[in-house]
Amino acid sequence: MGKGAAAERFFSDKETFHDIAQVASEFPGAQHYVGGNAALIGQKFAANSDLKVLLCGPVGPKLHELLDDNVFVPPESLQEVDEFHLILEYQAGEEWGQLKAPHANRFIFSHDLSNGAMNMLEVFVSSLEEFQPDLVVLSGLHMMEGQSKELQRKRLLEVVTSISDIPTGIPVHLELASMTNRELMSSIVHQVFPAVTSLGLNEQELLFLTQSASGPHSSLSSWNGVPDVGMVSDILFWILKEHGRSKSRASDLTRIHFHTLVYHILATVDGHWANQLAAVAAGARVAGTQACATETIDTSRVSLRAPQEFMTSHSEAGSRIVLNPNKPVVEWHREGISFHFTPVLVCKDPIRTVGLGDAISAEGLFYSEVHPHY
């Protein structure tokens, strides 16, 4: 909270967690929302009436009731009780003890064992044959932090096997989330990244990823204010160069959608994706509308806080870019990888910060064109 950084943690004490969740849930002003990255991304897609969504995960009665009619849940995914994730949200300038939040954000905690064990993954893959998807979205790997090391190792291998059972030609997007276990993160990078097509992540996850897998700028302990664009693009470049698709590597990874409060970057390996400009712009647009809970961007309620000029790289001779308001999406290229950068119109008084990353990733995917030869 002191840094205004988004975070999420596993709460290991079952009884205490259930006591807290029960009190919170029965509180007169309690608000229940759809939770879980996959469900939130599914909900965002389902808002387009011509899209059908298959959602697999532990779905309890309350969640089922909140889901859009276009979201189909296979019977095997239904369970008798809901899993709760508790969200502590705060506004910019809010104080707690000695701390003062520099900007609005949230802290999430849960004791979610079924998502942590990725229980529904096999059900999901077996449902795909009938559903015939155009896109698969996975999330929840960060929930495995509540599992023992041995179980994590075993489950991760099964996750990779399941992903490889998804019919060829269907893009698979992995949404990352807040983590603290470097070993698990490193395993995800080396084992899961080559099996997926696309990644969605924020600045906390990006920095933790490079620290865990010894990438560029990994000696940085935390971002100092707005994450430096050149550093971010160096790390994105490294992920796609070291763990992405190339002539010499059997990896499917060709796309990363990065989001931080004041700007987003979509990095793609050339030849696999199109319509990046619209995709990255759509992600920035939804960040401004959803946080403010408005249909369109309300210019009186947003501010432009993106860097007005920046370097595109620090590890090699990057170019200096000055933002042009008439062409706000900036594009640059580096060794067969294209970068699309957009500033974000940031909501000044956000109504809700939870699920923003999911909405950004969903919109970006919705507008992304995947090349059929893929």
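Residues numbered from 1 in each chain as written. Predicted model: local features only at pLDDT ≥ 70, side-chain atom pairs only at ≥ 80, totals over all residues. Heavy atoms only, no water.

Visitor: Break down the state of the cysteines for me, citing the residues and quoting the values.
Guide: If you walk through the whole model with that rule in mind, you get 1 disulfide. The partner cysteine of Cys-292 in its disulfide is Cys-347, sulfur to sulfur 2.0 Å. Between Cys-292 and Cys-347, the S-S dihedral sits near 105°, and the bridge is therefore right-handed. Here Cys-292 is found in helix α10 (residues 276-292), whereas its partner Cys-347 is found in strand β19 (residues 345-347), with 55 residues between them in sequence. (Disulfide = S-S within 2.5 Å. Helix = DSSP H or I, 4+ residues; strand = E, 2+ residues; numbered from the N terminus.)

Visitor: Describe the packing of α10 against helix α11 (residues 356-367), with residues and values.
Guide: Two packed helices can be described by the angle between their axes and the distance between those axes. At a closest axis distance of 8 Å, the pairing of α10 and α11 adopts a crossing angle of 145°. Here α10 and α11 pass one another in a crossing that is right-handed. Residues Ala-278, Ala-279, Ala-282, Gly-283, Arg-285, Val-286, Ala-287, Gln-290 and Ala-291 of α10 touch α11, and the partners they reach there are Leu-356, Ala-359, Ile-360, Glu-363, Gly-364 and Tyr-367. (Axes fitted to C-alpha atoms, helices over the stretch in contact; angles between N-to-C directions. Left-handed = near helix turned anticlockwise from the far one by under 90°. Contact = heavy atoms within 4.5 Å.)

Visitor: How would you explain the pattern of salt bridges if you had to name every residue and give the values?
Guide: All chains considered together, the criterion is met by 10 salt bridges. Glu-183 serves as the salt-bridge partner of Lys-149, at 3.2 Å between the closest nitrogen and oxygen. Taken as a pair, Lys-149 in helix α6 (residues 149-164) and Glu-183 in helix α7 (residues 182-192) lie far apart in primary sequence, 34 residues in all. Between Glu-158 and Arg-155 there is a salt bridge whose closest N-O contact spans 2.6 Å. Placement of both Glu-158 and Arg-155 in helix α6 is noted, with a separation of 3 residues, approximately one turn of the helix. Glu-158 gets classed as partly exposed once you look at its relative accessible area, which sits at 27%. Using a relative accessible area of 10% as the deciding quantity, one classes Arg-155 as buried. Linked by salt bridges that have partners in common, Glu-122, Lys-154, Arg-155 and Glu-158 make up one network. (Salt bridge = Lys/Arg side-chain N within 4 Å of Asp/Glu carboxyl O. Buried < 20%, exposed > 50% of the residue type's maximum accessible area, 1.4 Å probe, protein only.)

Visitor: Got a sec to walk through the sheet that holds strand β12 (residues 263-269)? Specific residues and values, please.
Guide: With mixed pairing, 7 strands are arranged side by side in an open sheet as β8-β9-β10-β11-β12-β18-β17. The sheet is open, and its two borders are formed by β8 (136-139) and β17 (330-334), each paired with just one other strand. Between one strand axis and the next, the sheet turns by 15° as a mean value, whatever way the strands run. The pairing of strand β10 (residues 198-202) with strand β11 (residues 255-260) spans 5 bridges and is classified as parallel. If you follow Asn-202 over to β11, its bridge partner there is His-259. This element, helix α8 (residues 203-212), spans β10 and β11 of the sheet and lies at about 110° to β10. (Pairing = 2+ DSSP bridges.)

Visitor: Lay out the packing of aromatic side chains in plain terms, naming residues and giving numbers.
Guide: Throughout the structure, instances matching the rule amount to 10 aromatic pairs. Centroid distance Phe-310 to Phe-341: 4.5 Å. Interplanar angle 40°. Geometry classified as tilted. Taken together, the positions of Phe-310 in strand β15 (residues 309-311) and Phe-341 in strand β18 (residues 337-343) put the pair 31 residues apart, joining distant regions of the chain. For Phe-310, a relative accessible area of 6% translates into the label buried. Taken together, a centroid distance of 5.3 Å and an interplanar angle of 85° make the contact between Phe-366 and Tyr-367 edge-to-face. We classify Tyr-367 as partly exposed; its relative accessible area is 29%. The structure contains a cluster of three or more aromatic residues connected by ring pairs, namely Phe-258, Tyr-263, Phe-310, Trp-332, Phe-339 and Phe-341. When the ring centre of Trp-273 is taken as reference, the NZ or CZ atom of Arg-255 above it lies at 5.3 Å. (Phe/Tyr/Trp six-rings, centres within 6.5 Å; stacked < 30°, edge-to-face > 60°. Lys NZ or Arg CZ within 6 Å of the ring centre and 35° of its normal.)

Visitor: Which residues make up the nonpolar core, and what are the values?
Guide: Membership of the largest hydrophobic core comes to 68 residues, with the highest contact counts inside it found for Leu-174, Ile-188, Phe-193, Ile-239 and Ile-265. The element best represented in this core is helix α9 (residues 229-243), accounting for 8 residues. The residues contacting Ile-239, other than those within four sequence positions of it, are Phe-193, Leu-199, Leu-206, Leu-209, Gly-244, Leu-253 and Ile-256. One finds Ala-39, Phe-45, Leu-63 and Leu-365 within the second-largest nonpolar core, a separate group that totals 16 residues. (Core = buried A, V, L, I, M, F, W, Y, C linked by side-chain atoms within 4.5 Å.)

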